[in-house]
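Secondary and tertiary structure notes
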Amino acid sequence: MLRDLTAPTNIAPTAPHPAQDTNVALSQREPIVNDFAITAATKNGSGSQTSNAILLRALFKMGIPVSGKNLFPSNIQGRPTWYTIRLSKDGYLARRETTEIMIVLNPDTILEDHQNTAPGGVFMYADDIKLPVRRSDLHYYAIPVKEMARQHESDPKLRIYVANMVYVGAIAQLLGIDLDEIEAALMFHFKGKAKPVESNMKVVRAAAAWAAENLIKTDPYRVERMDKTKGQIMIDGNTAAALGAIYGGVGFAAWYPITPATSLADALNEYLPKLRIDPETKAPTYAVVQAEDELAALGMVMGAGWAGARAMTSTSGPGISLMAEFTGLGYFAEIPAVIWDVQRMGPATGLPTRVSQGDIIAAYWLGHGDTKHPVLLPGSVYECFEFGWRAFDLAERLQTPVFVLSDLDLGMNQWMSKPFDYPEEPMDRGKVLTEAQVNAARGFARYKDVDGDGIGWRTLPGNESPFAAYFTRGSGHNERAMLSERADDWENNMDRLARKFETARKLMPPPVIDMVTGAEIGIIGFGSTDPAIQEARALLEAKGIRASYLRLRALPMNEDMTMFLASHKRIYVVELNSDAQLCQLIRLHSPKDAEKVHPANHNDGLPLTAHWITEEILYQETRH
């Protein structure tokens, strides 16, 4: 949170950097408009997220397609962090491997930031940072960040926050970002509170004025208004998921904090009090519990789901492992539950908290024995919202835990999206017997396959029929829910659960397929890799390679996958993990096509780029 800033601006001009007026070749480049990336290198906990969010929103409101990604190797305060904003006049939103505009306020990363700036790019830095070397192919702009912060904030502890607004003003002046949009973004961020908006705008204006007076622009980068974000919203996937769950009727949520899933529970806590209050009694119609660990969280969810509430939890990979026991119970006892897994690389802090898609196999088969679970794979923030409510329908229809696999990039970063649609489909509570139905039948068999789809009928607590009660069992049982150690009862139950999984195959959202006539190769991906794959297809086509595309939205796979595999000579499975997990699942789905299914996987803790995908496929194509 930024402080109110009221001190007047009185910063003495500094002499232009020699590189600003001596590099004639650089200054002769054609303008590059709305097609570059900006990266801010700061320290974690310095408040730079606010400044970066302001820049992102201002550009978005100027009608320029943008995406913002927070790249942090650690959650420890004071450690390095980077935030990248991509502007793309063509609407491409994936991360780029290069950055043209580097803003550096962290001296600890100066060397690598210097090296990572694209040739011809801009290197803006705090003027108290000593540059180790100078490159002849960069445009340098030194900014008196500390001096301006000192002028605007008397408390030395708070000057670090002021410094971030200094670079907002300087880069806005340099690139041509409308200061009115900066002010509107501040107004949005501070929810209309005039005092913090005005105090921060004073710093922005002062920095912009200083830059106008003292910097000689030699670089070709600038922004211009467009109209390509009209009607769009900007939101992160975790907030979208929480809103979807609320519109889907969530009644209970239990969770334990973990990056990058915590903000999903935070969003539930933010929006439920606004949207789910009984209009007459003013009492909440929901409960959110922060449990002592992930095991306890899922235990509570199972209890709530058994009792008839739409119940969910949110976690990440390390939490998923702790939830294995209750997930197995939910599978065999057939209890509806929704588990959001906002994926990251692995356990512990630091780099393992970065983005990955490495939980797909673990989630698909989590538990003990022959367990397997329906898995939803949202590929956008819009689908995070949609699957937020649809997951409850599927969990109750199938009477089983349903996983939703997002990831850090999708969950925590800001994305453009069309506005969310209110669910048009009526809520599906699945097979629930009423008191009258149970009385008429004078009982029921909880685990009997009456309809041939593998799904039994259930009753809920509160059903007052004397025939409604049954034992919920995760142990061996027969179709009347009686404890059994008979081999045939076990096998019959497993056969029925297998039929239920086949039913799930028909109910899960189908993949999105773009078939290209005459294309020999097909690309398969899922989740947050979609923007990079879409851009890579354009890059490949420019090189004469046309590729069809299947974006998987759920497991288990269906006949659409089989058809897609059969329609192409070579299939590349793009995913963000080390073991090519989806590639392995596809080969299991269709063993006869296994030889033509090739992994295109990468796992370095960063979102995939179109450039990497393109080069990987081009390389593999040379081997065929």
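Let us look at the structure shown here. (Residues numbered from 1 in each chain as written. Predicted model: local features only at pLDDT ≥ 70, side-chain atom pairs only at ≥ 80, totals over all residues. Heavy atoms only, no water.)

1. Some points on the side chain of R95
Its location among the elements puts R95 in the loop between β4 (80–88) and β5 (99–104). For the buried R95, no salt bridge exists, and the shortest N-O distance to an oppositely charged side chain is 4.7 Å, to D604. (Helix = DSSP H or I, 4+ residues; strand = E, 2+ residues; numbered from the N terminus. Buried < 20%, exposed > 50% of the residue type's maximum accessible area, 1.4 Å probe, protein only. Lys, Arg positive; Asp, Glu negative; His and termini not counted. Salt bridge = Lys/Arg side-chain N within 4 Å of Asp/Glu carboxyl O.)

2. Structural notes on the packing of aromatic side chains
Following the criterion strictly, the structure yields 12 aromatic pairs and no others. Seen in terms of ring centroids, F444 and Y470 are 5.9 Å apart; in terms of plane orientation they differ by 85°. Their pairing is edge-to-face. Note that F444 is positioned in the loop between α17 (435–441) and α18 (487–507) and Y470 in the loop between α17 and α18, a separation of 26 residues in sequence. For F444, a relative accessible area of 14% translates into the label buried. Put simply, the rings of Y247, Y382, F385, F420 and Y422 pair up and form one aromatic cluster. Note that R57 overlies the ring of F188, its terminal NZ or CZ placed 3.5 Å from the centroid. (Phe/Tyr/Trp six-rings, centres within 6.5 Å; stacked < 30°, edge-to-face > 60°. Lys NZ or Arg CZ within 6 Å of the ring centre and 35° of its normal.)

3. Observations concerning the sheet that holds strand β19 (residues 547–552)
In space, the five strands of this open sheet follow the order β17-β19-β18-β21-β22, with mixed pairing throughout. Each edge of the sheet is formed by a strand with only one pairing partner; in this case those strands are β17 (512–514) and β22 (597–601). Going from strand to strand, the sheet's axes swing by 20° on average, the running direction of each strand aside. Packed on one face of the sheet, helix α21 (residues 581–589) meets β18 (521–526), β19, β21 (570–575) and β22 and runs near 165° to β22. Sitting on the sheet, helix α22 (residues 610–621) is in contact with β18, β21 and β22, with an inclination near 145° to β22. (Pairing = 2+ DSSP bridges. Axes fitted to C-alpha atoms, helices over the stretch in contact; angles between N-to-C directions. Contact = heavy atoms within 4.5 Å.)

4. A look at the layout of surface pockets
Summary: where empty space remains is shown by rolling a probe the size of a single water molecule over the atoms. For the largest pocket, the calculated volume is near 1,400 Å³. As for the largest pocket, its lining consists of 39 residues, and the residues nearest its centre are Q49, D236, T239, M412 and Q414. For the lining of the largest pocket, the elements supplying multiple residues, two or more each, are α3 (48–61), β3 (66–71), α7 (179–189), β9 (233–236), α9 (237–247), α10 (262–275) and α16 (408–412). Counting residues per element, the lining of the largest pocket draws most heavily on α3, which supplies eight residues. When its residues are assigned to classes, the lining of the largest pocket shows 17 nonpolar, 15 polar and seven charged. (1 Å grid on protein atoms, 1.4 Å probe; cavity = no way out; pocket = protein on both sides within 12 Å on 5 of 7 lines; lining within 4 Å. Points joined across faces, edges and corners; volume = space filled by probe spheres on them. Nonpolar A, V, L, I, M, F, W, Y, C, P; charged D, E, K, R; others polar.)

5. Remarks on the pattern of salt bridges
If you walk through the whole model with that rule in mind, you get 40 salt bridges. A salt bridge links D137 to R135; its shortest N-O distance comes to 2.9 Å. You can call D137 partly exposed: its relative accessible area is 24%. A salt bridge links R551 to D530; its shortest N-O distance comes to 3.9 Å. With R551 in strand β19 and D530 in helix α19 (residues 530–542), this pair connects stretches of sequence that are 21 residues apart. Judged on exposure class, the residue R551 and its partner D530 are both buried. Here the residues in one salt-bridge network are R310, D393, E396, R429 and R458, joined through shared partners.

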